[in-house]
Amino acid sequence: MQSSNPAPNSLWKKLFGEPIRAFGIVSALLLILLAIAPAKNHFSEWRHYQNGYLRLIRTRGDAITLQRHFQPGIQQIWHPELGATDRCTTCHVGLKEASLTDVPAQPYRKHPVIPHATDQFGCVMCHRGQGAATTVEEAHSSTLAWEQPILPARYIESGCGQCHRGGLESTPQLNQGRALLARYGCVQCHSIKLADGGVMQATQDAPSLSHIADKTTREWIFAWLKDPQAYAVSATMPNFKLKDEDIRDISAFLIANSTPIQGDTLGAINQKASDPTAGASLYGESFCSSCHAVQNAAGNLVGGDVGPELTRIGNKAKPEWLRAWVHNPRIYDAKTEMPHYRFTDQQVATMEGFLLAKSDSDLLANVHLDPATPEQIAHGKSLVMEYGCASCHEIGGIKKPENFAPELTKIGSKSVSQLIFLPGMAHTLPDYIAGKIRQPRAFASGLKMPQYTFTTAQIDALTTALLAQNDRAQTVPPSLTVPVPPTSHYRPAGKAGQIMADLACFSCHSINGRGGDMAPDLTWEGSSVQRKWLEDFFRNPGTLRPALIRRMPKFNLSNEDIATLSDYIMTVYQDPDFDRDSMRESGYSTTQVEQGRQLFYSKYACQSCHIVDVKVDKGYIGPTLTSVGSRLTGAWIYHWLKNPQSLRPGTVEPNRNLSDDEAEQLTAFLMMQKGAGQKEAKK
């Protein structure tokens, strides 16, 4: 019986019927297979880019140098201690060539200047992506086996945050994002553990609600919870999108739960009504706008952001509470950053009237609340616990919740397979984080995260900061990290320390690494100033920099308090590197003074920034020096001239590398500047 399909058998016999023929055919097939690998390599994507680079540099004037630097084949950077491998420089061959700044096309463009060499950390540490890949798709994009595509350029600063625990001048977006996480209370609900074992701390100072009934009304609480930004456009409190009946019950609970503080309300002060303009004058003279902002007629905020916005403070504060607060804020809040001004009764009444007039008749116009029932109060308490209000606010009888919201320590490494994306949203981690910040409750019903009013720039900054919180940030070897400078908890001692706490000096001044940057650092103030000037300044603070709006307010200190503060400052706050009495305050020769004047006005042109002669000099950048000889010590001036940065790091005063003689001559000239009506150097 013949085969029904003879053709295959016939072909097989023809090809492999004879051993010699079969050997030849198998050998040919093997050669073809062996040729596929080099052929594939020859036509590979990375070789295409390298050939393109060679064509690009061929016509350039520095072609020989660029050709000599070029290394063909697959290039690899490997950092086993970082767990980072990348072959990015296989295609990006011109990253280190300074002469290629005019080349706009990738992958041949020169890398922007950064503090690190390309081979120090590689590329994926900052850009992410699959570093071991050698095709664009695998290196740049998400695949089934890889979820870390390269970061969009606007989030690139997140890479710096993996090693740099603190702020950098070159990473403003990362700095802003971290500041927003702390300022807006994100870390009150979401724990963010740091690689050094600590946790990110909030800088937000949410007010205590334990005594809220002394301060404001239930109606104001209702309006505030309904829309915080309707009261203050700068409010950091988010909108929880609560129903009116829930707001009614929460306000009922907070008022019912409030306990009074003895002395935090003050009866009416029987003082003659002051001039209508006196309130604005006192507000200005006290430099309240250095910390507090107010909306102007155009709707723009004018003032600082250290304290709360005061645009509608008259709708919020009860007169008796506001009166007591202006008189002494530490009765209601012992840790407030607001100083105790020691206002007279007349000044308290004047400031009270000025602030209460700042109101909006529409804010509470539609708020009408019936007396609360026990059921509403109980429901309000349950809502306060449900929404985690005690995460930010102190509330009597309510414990601060733990693990209230998901931890964000490694959110920057979150797998996209574990995330739920909105319709139309790109399936990437940065898009998810940004979308969650923008519209947190759009992702599911019943979510508690409130609605913030962040701008697009702020959302990008927050996303950048959160992307920096990833697995690698937790495992970077300590030798490669830059830790945050240790936090100073310095506190001045004794009676002077009590006065400084009462005046809230640290709100504006820094001392021994603690405090604000609104006013000069006082760490070496005892070596810097003369005692008489210091005492006169405490009695009547004047301006040292005419161009600055902010001034130190007058605190109405007693002579005893002034003496106590002066003694402490002159004794404790001294630079250990020199004796403040090592140079005289007067008695310099006419020759030295004249030589100093020539240096000041001619060689170094100091009048470009400073004023000595108010009729001639135009320098408004630095402090005026008309009375510097009555204010500063000779030793401080001399050492400042020799090296300003050694006394106050970061000062804009340049180091001109003066000789000892020049520094002494300039000191002689400046010490003769005693102010109006006193002996001055003649020109």
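The rules behind the values
- Residues numbered from 1 in each chain as written.
- Predicted model: local features only at pLDDT ≥ 70, side-chain atom pairs only at ≥ 80, totals over all residues.
- Heavy atoms only, no water.
- Helix = DSSP H or I, 4+ residues; strand = E, 2+ residues; numbered from the N terminus.
- Buried < 20%, exposed > 50% of the residue type's maximum accessible area, 1.4 Å probe, protein only.
- Contact = heavy atoms within 4.5 Å.
- Axes fitted to C-alpha atoms, helices over the stretch in contact; angles between N-to-C directions.
- Parallel < 35°, antiparallel > 145°, perpendicular 65-115°, else oblique.
- Nonpolar A, V, L, I, M, F, W, Y, C, P; charged D, E, K, R; others polar.
- Polar contact = N/O pair within 3.5 Å; in protein donor to acceptor, adjacent residues only side chain to side chain.
- Phe/Tyr/Trp six-rings, centres within 6.5 Å; stacked < 30°, edge-to-face > 60°.
- Lys NZ or Arg CZ within 6 Å of the ring centre and 35° of its normal.
- Disulfide = S-S within 2.5 Å.
- Salt bridge = Lys/Arg side-chain N within 4 Å of Asp/Glu carboxyl O.
- Left-handed = near helix turned anticlockwise from the far one by under 90°.
- Core = buried A, V, L, I, M, F, W, Y, C linked by side-chain atoms within 4.5 Å.
- Expected span 1.5 Å × (residues − 1).

Caption draft 1: Highlighting the environment of L522. Within the element layout of this structure, L522 appears in the loop between β6 (514–515) and α23 (525–528). Looking at L522, the relative accessible area reads 14%, which means it is buried. Excluding anything up to four places from it in sequence, L522 contacts H509, S510, I511 and Y573.

Caption draft 2: Up close: unusual backbone geometry. Of the consecutive residues Q106 and P107, the connecting peptide bond is found in the cis state with omega at 10°. Along the chain, the position of P107 falls in the loop between β2 (84–86) and α5 (118–121). Even without glycine at this site, R128 takes up a positive phi of about 60°. As for its placement among the helices and strands, R128 is situated in the loop between α6 (124–127) and α7 (136–140). Using a relative accessible area of 12% as the deciding quantity, one classes R128 as buried. You will see that N403, though not glycine, has its phi angle at about 55°, which is positive. Here N403 shows up in the loop between α18 (374–386) and α19 (429–438). According to the relative accessible area criterion, N403 is exposed, its value standing at 76%.

Caption draft 3: Representation of the packing of helix α13 (residues 244–257) against α18. Running from N to C, α13 and α18 point in directions that differ by 95°, and their axes come no closer than 7 Å. Between α13 and α18, the angle is such that the two are roughly perpendicular. Contact residues: α13 offers D246, R248, D249, I250, A252, F253 and A256, while α18 offers Q376, I377, H379, G380, K381, L383 and V384. Class assignment of the residues belonging to the contact of α13 with α18 gives a composition of seven nonpolar, three polar and four charged.

Caption draft 4: Local environment of the side chain of Q229. Tracing the chain through its elements places Q229 in helix α12 (residues 228–231). Looking at Q229, the relative accessible area reads 16%, which means it is buried. One polar contact links the side chain of Q229 to the main-chain carbonyl oxygen of A235, over a distance of 3.1 Å.

Caption draft 5: Layout of the packing of aromatic side chains. This model, assessed by the stated rule, comprises 26 aromatic pairs. Considering the side-chain rings of W636 and W640, the 6.2 Å spacing of their centres and the 25° angle between planes classify their relative orientation as stacked. With W636 and W640 both in helix α28 (residues 634–642) and four residues apart, this pair spans about one turn of that helix. The exposure classification of W636 matches that of W640, with both residues buried. Taken together, the aromatic side chains of Y490, F506, Y568 and Y573 make up a single cluster linked through ring pairs. When the ring centre of Y387 is taken as origin, the NZ or CZ atom of K448, which lies over that ring, is 5.7 Å away. A cation over a ring is seen here: R631 above W533, with NZ or CZ 6.0 Å from the ring centre.

Caption draft 6: Layout of the state of the cysteines. Taken as a whole, this structure holds zero disulfides when the rule is applied. There is no disulfide at C189, and the cysteine sulfur nearest it, in C392, is 5.4 Å away.

Caption draft 7: A look at the environment of T455. Positionally, T455 belongs in the loop between α19 and α20 (456–467). Along the sequence, T455 and R438 sit 17 residues apart, while their C-alpha atoms lie 8.8 Å from each other.

Caption draft 8: Broad picture of the pattern of salt bridges. Counted according to the given criterion, the structure contains 20 salt bridges. Across the pair D62 and R60 runs a salt bridge whose closest N-O atoms are separated by 3.5 Å. Across the salt bridge formed by E662 and K603, the nearest N and O atoms sit 2.6 Å from each other. Within this pair, whereas E662 is found in helix α30 (residues 660–671), its partner K603 is found in helix α26 (residues 590–603), the two being separated by 59 residues in sequence.

Caption draft 9: Structural context of the packing of helix α16 (residues 319–327) against helix α17 (residues 345–356). Here α16 crosses α17 at 130°, and the two axes come no closer than 9 Å. When the axes of α16 and α17 are compared, the pair comes out oblique. α17 is crossed by α16, and the crossing has right-handed handedness. Contact residues: α16 offers P319, L322, R323, V326 and H327, while α17 offers V348, M351, E352, L355 and L356.

Caption draft 10: Summary view of the nonpolar core. By size, the foremost hydrophobic cluster in this structure holds 96 residues, and its most contacted members are L254, Y283, M351, L355, L565 and F600. The contacts of L355, once residues within four sequence positions are left out, are Y283, L310, I313, G314, L322 and V326. Within the second largest apolar cluster, 31 residues are counted, among which are L151, I411, I459 and A465.

Caption draft 11: Highlighting helix α25 (residues 559–572). Its 14 residues give α25 an end-to-end C-alpha distance of 20 Å, which sits within 8% of 20 Å, the value for a rise of 1.5 Å per residue. Among the residues of α25, D561, I562, L565, S566, Y568, I569 and M570 are the ones counted as buried. In this structure, the buried residues of α25 make contact with α22 (494–502), α23 and α24 (531–539).

Caption draft 12: Layout of the side chain of S510. Among the structural elements, S510 can be located in strand β5 (residues 510–511). Among the residues examined, S510 registers a relative accessible area of 13% and is labelled buried. In terms of polar contacts, S510 uses its side chain to reach the backbone carbonyl oxygen of R514, at 3.4 Å. Non-local contacts of S510, meaning those with residues more than four positions away in its chain, are made with G515, G516, P520, D521, L522 and T523.

Caption draft 13: Summary view of helix α8 (residues 172–183). The end-to-end C-alpha distance of α8, which contains 12 residues, comes to 16 Å, matching closely the 16 Å that a straight helix rising 1.5 Å per residue would cover. Each element contacted by the buried residues of α8 is listed here: α9 (186–189) and α20. G185 sits one or two positions beyond α8 and adopts a positive phi of about 75°.

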